[in-house]
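Chain and residue survey
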Amino acid sequence: MSTIREFRLKTGSDRFTPKDLIQLPRPGASTANAAGDLVLVPLSKYSFAEKKNHKSLFIASLESAVQQHEVPLAHGGEAFWLDDRTIAHLVADDDSKTSSLYALSIHLTETLNVTSDPPVLLGKFPTASPSCFRYAAKAGVLVFADNVYEDGDLTKVPENDHQWQERGTTALVYDDTYERHWDTWTGPKRPSLFTVKLFKDAEGSWHFGDSFINVLHGTGHYSPVEPFGGTNDYAVSDEYIVYTTKEPELPEAWHTKQNVRTPSPLRRQQKPRELTSGKHAATHNPVFNAQGDKVAWTELDEDGYESDRAKVVIYDLKKDVRYTLTQSWDRSVDELAFSEDSTFIYFTAGDHARTKLFCLPIPETPNKSTTHPSLPPSYTTPKALTNSGAVTALQVLPKGRLIYSRSSLQGPNDVFIIRGLHGTQADFSNVQDYVEKMPQPEQITWFTEKALVGKTLPIWVEEGEEKKWPGLLFIHGGPQGVWDDRWSTRWNPNVFAHQGYFVVAINPTGSTTFGQNLTDAIAKDWGGKPFVDLQKGWRYALDKYPEIDPDRAVAAGASWGGYAINWIQGHPEYGFNFKALVCHDGVFDATYNGYSTDELFFFNHDWGGRPWDKEAKEVLEKFNPINYVDKWSTPQLVIHGSKDYRLPETDGIGAFHALKQRGVATRLVIFPDENHWVLNHGNSLKWHHEVFRWFDLYVGKDEGVQLRN
């Protein structure tokens, strides 16, 4: 006879629990001032006791023993540098319809402390939604993004909002895709870039202009590119703006092509000029060099394929010549930054499950534009400056320095600095000298050190240990994704290990950072090669680590990982012998997904065409999980967000209904206010509770026990 008990998560001072994860400080991307002596880091920290997310700014010195200074932000808001000792801070006004920009003056005292003056109002915006600020100090111009109606007039947004809200209906009518995107139904407003005058006079007083100029009005262009575009979609020099935008003549939902354009100078208007060739696909992360005569960006070749290899393209504005720098390098580049003198370019790229910082010398500009310049090896073989963790927010500083943020499996972002890069550049052609003289990064901040005292991260099983642990197979999403040396606030293997699971995270066919061939190989083969890899990887783990109990094994995955869970359900011949499964926002009916997903280009690429096309129909018949429901038998927890428009919630509901009608143990958890991810702090705790409860029910030590909650 079974007994009933209440499920509780394992806790203790030495355990890293889901609550610890959620309440751990979350540092944002670092930005240094122009002088390079102070760095600004936004920080958020959630309190379950107060049910509140506390936000603040941390200011740290890069070159002295000055103690870090924290500026609490009671109302949150974006912050950025105006000059070496002034931070601008945007605050939404009490009416939640407008916003104000304040200046915070920073001081370095003789006692090695950083202090800040009370905020001073600079000016007001007619909306509550300006964001993505970049300040062109020499021009005295602030550039920002905001959403406007078709008239492009920022000052009329409040009036247009009122008319839209009072239109007398809630109907949304569409003639084109996207009708909805990621987690939002498309409305009448689109993002654009604006400028407003902002300068300091000779007496040190700041002046904020009263005219907001929409630099993209009349072009048909929208930037930043939704849904995830931000300041990385545009850059400013002393005179110009450069931005990336979707090709306006192409249907957005089944094309990924983005053009890089430079619009009017900051002080006058002029028709934007396209810098891209036209024979390209998506473009990202445009940046200027310090001299303002070169622009670099990352560029993909195949339209409709968001995981194609991202290459570095450099455009010489004086010579009107563009060329591809990393054509022969088999890695995808992300963020970019020129060296001070523009002789080098620094960038991040995924490499063997780490996001490393690399550098390359910049060759002399070719005589004509080319995607395949003839370059010696020293210009085509990037050298790594880091070898662990995940590097983001790289920024070149004066005097041969560079800062970046880095997270890892050991903790969230901290700020690091590398000095002496001039010497490194001089030795670049000699690989051995380069390796020996490579500057070592220095850590500047330790945001989570105190919070993690006594908790081992990551936690490893000691070889020879007699105790056996339930095995957990993590299956990542994408499918063009990766399990890497990076901190995660959602699928964090440390949390699962501290709850007593031996976590196995495999990067099968389709994964990134191991070369483009492996990434590309999953197309039209979702249920094929990846599962050969997962079977071999799982068997390898069981053979190598006898500490894993194969009779108490479970698996979990989200997105494509959720597809993988549904696919494993229908293929018992794989022999995983999992006792329980968790599917988060996974594909149940791939054919339906080809019609219902927001970004149609993704399905069309990965499945060989539109759902009714001949090749796609053949692939769907072979690899659609719904065709194998008659073999489903493993207890499965199904989780889905109602605002997930990438994989609509009916996929989760359909899987739940199939399991129920087959008499297979199942549970459905719906988050009505979540998208493809679970972001709300309370929902995150509930997510972890449900997942661990489900696993405990089937591989916990108490046999014959029913869980009450």
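Before any of the text, the structure's been laid out above.
Since we're looking at a predicted model, the values are computed, not measured.

**Considering the overall build of the protein chain**
A count of helices and strands for the protein chain gives 13 helices and 41 strands. The C-alpha atoms of the protein chain give 26 Å as radius of gyration, which agrees with the globular expectation for 709 residues (27 Å, within 12%). Within the protein chain, buried positions represent 55% of all 709 residues. Counted over contacts in the protein chain with a minimum sequence separation of 6, partners at least 24 positions apart contribute 61%. For the protein chain, the exposed area adds up to about 31,300 Å²; of that, 49% sits on carbon and sulfur atoms.

**Notes on the sheet that holds strand β26 (residues 321-324)**
One open sheet holds the 4 strands; their spatial order is β23-β24-β25-β26, and the pairing between them is antiparallel. Only two strands of the sheet have a single neighbouring strand rather than two, namely β23 (283-288) and β26. Neighbour-to-neighbour, the strand axes of this sheet turn through a mean angle of 20°, independent of strand direction. By the bridge criterion, 4 bridges tie strand β25 (residues 311-316) to β26 in an arrangement that is antiparallel.

**Focus: the nonpolar core**
Grouped together as the largest cluster of nonpolar side chains are 39 residues, with contacts concentrated most on Leu 473, Phe 531, Tyr 563, Phe 578 and Trp 607. Those elements giving two or more residues to this core turn out to be β35 (469-475), β36 (502-505), α7 (529-544), β37 (548-558), α8 (560-569), β38 (580-584), α10 (600-606) and α11 (614-623). For this core, the leading source of residues is α8, giving 6 residues. Residue contacts for Phe 578: discarding those within four places in its chain leaves Leu 473, Trp 538, Ala 553, Val 554, Ala 555, Ile 568 and Thr 634. If you look at the next biggest cluster of nonpolar residues, it comprises 31 residues, including Phe 16, Leu 21, Phe 692 and Phe 695.

**Describing the packing of aromatic side chains**
Tallying each qualifying case throughout the model produces 51 aromatic pairs. Ring centres of Trp 526 and Tyr 563 lie 5.0 Å apart, and the angle between their planes is 75°; on these two criteria the pair is classed as edge-to-face. Here the residue Trp 526 occupies a position in the loop between α6 (516-520) and α7, and Tyr 563 occupies one in helix α8, the gap between them amounting to 37 residues. Tyr 563 sits in the buried class, given a relative accessible area of 0%. The ring of Tyr 234 is capped by Arg 134, whose NZ or CZ atom sits 5.6 Å from the centre of that ring.

**Some details on a nonpolar patch on the surface**
Taken together, the side chains of Trp 164, Leu 172 and Trp 185 make up a nonpolar region of the molecular surface, amounting to roughly 280 Å² of accessible area. Secondary-structure assignment places Trp 185 in strand β15 (residues 184-185). Looking at Trp 185, the relative accessible area reads 41%, which means it is partly exposed.

**Here we look at the environment of Leu 360**
With respect to the element layout, Leu 360 can be found in strand β29 (residues 355-361). It is 5.7 Å that separates the C-alpha atoms of Leu 360 and Phe 344, two residues lying 16 residues apart in sequence.

**Brief notes about the environment of His 422**
Relative to the helices and strands, His 422 is located in helix α3 (residues 421-426). Of the residues examined, His 422 reaches a relative accessible area of 45% and is grouped as partly exposed. Along the chain, His 422 and Arg 401 lie 21 residues apart, while their C-alpha atoms are 8.4 Å from each other. Dropping the residues within four chain positions of it, His 422 is found in contact with Glu 340, Lys 399 and Gly 400.

**Considerations on the sheet that holds strand β20 (residues 241-246)**
Reading across from one edge, β19-β20-β21-β22 is the order of the 4 strands in this open sheet, with antiparallel pairing throughout. Here the strands that pair on one side only, and so sit at the sheet edges, are β19 (234-236) and β22 (273-274). With 4 bridges joining them, β20 and strand β21 (residues 258-262) adopt antiparallel strand pairing. Residue Thr 244 lies in a different strand from β21, and its bridge partner there is Val 260.

**Quick notes on the pattern of salt bridges**
In this structure the tally under the stated criterion is 30 salt bridges. Bridged by salt links that share partners, the residues Glu 63, Arg 401, Arg 419 and Glu 442 form one connected network.

**Overview of unusual backbone geometry**
In this model, Glu 226 is joined to Pro 227 through a cis peptide bond whose omega is 5°. At Lys 51, a residue that is not glycine, the phi angle is positive and equals roughly 55°. With respect to the helices and strands, the residue Lys 51 is situated in the loop between β4 (38-47) and β5 (52-61).

**Regarding α7**
Relative to the 22 Å expected for 16 residues at 1.5 Å per residue, α7 spans 22 Å between its end C-alpha atoms, a close match to the ideal helical length. Among all positions in α7, only Pro 530, Phe 531, Leu 534, Gly 537, Trp 538, Ala 541 and Leu 542 are buried. Projected down its long axis, α7 carries its buried residues within an arc of 135°, all on one side. Structural note: α7 exposes Lys 536, Tyr 540 and Asp 543 on the side pointing more than 90 degrees away from its buried face. Check the buried side of α7 and you find it contacts β35, β36, β37 and α8.

**Considerations on the pairing of strand β28 (residues 344-350)**
The buried fraction of β28 amounts to 7 of the 7 residues, a majority that puts the element mostly inside the structure. The alternating pattern of β28 places Phe 344, Tyr 346, Thr 348 and Gly 350 on one face and Ile 345, Phe 347 and Ala 349 on the opposite face, and all of these are buried. Here 4 bridges tie strand β27 (residues 333-338) to β28, and the two strands are oriented antiparallel to one another. When the bridges of β28 are listed, Ala 337 appears paired with Tyr 346.

**Considerations on the side chain of Lys 383**
Along the chain, the position of Lys 383 falls in strand β30 (residues 383-384). In this structure the side chain of Lys 383 is engaged in a polar contact, spanning 3.2 Å, whose partner is the backbone oxygen of Thr 381.

**Examining the pairing of strand β7 (residues 79-83)**
When β7 meets strand β8 (residues 86-92), the two strands line up antiparallel, connected through 4 bridges. If you follow Asp 83 over to β8, its bridge partner there is Thr 86.

Cut-offs applied
- Residues numbered from 1 in each chain as written.
- Predicted model: local features only at pLDDT ≥ 70, side-chain atom pairs only at ≥ 80, totals over all residues.
- Heavy atoms only, no water.
- Helix = DSSP H or I, 4+ residues; strand = E, 2+ residues; numbered from the N terminus.
- Rg over C-alpha atoms; globule rule 2.2 N^0.38 Å.
- Buried < 20%, exposed > 50% of the residue type's maximum accessible area, 1.4 Å probe, protein only.
- Contact = heavy atoms within 4.5 Å.
- Areas by Shrake-Rupley, 256 points an atom, 1.4 Å probe, with all protein chains shown as cover.
- Pairing = 2+ DSSP bridges.
- Axes fitted to C-alpha atoms, helices over the stretch in contact; angles between N-to-C directions.
- Core = buried A, V, L, I, M, F, W, Y, C linked by side-chain atoms within 4.5 Å.
- Phe/Tyr/Trp six-rings, centres within 6.5 Å; stacked < 30°, edge-to-face > 60°.
- Lys NZ or Arg CZ within 6 Å of the ring centre and 35° of its normal.
- Patch = residues over 30% accessible without salt bridge, like charges linked within 9 Å, V, L, I, M, F, W, Y side chains within 5 Å.
- Salt bridge = Lys/Arg side-chain N within 4 Å of Asp/Glu carboxyl O.
- Expected span 1.5 Å × (residues − 1).
- Arc of directions from axis to C-beta.
- Polar contact = N/O pair within 3.5 Å; in protein donor to acceptor, adjacent residues only side chain to side chain.

Keep in mind these numbers describe shape, not what the thing actually does.
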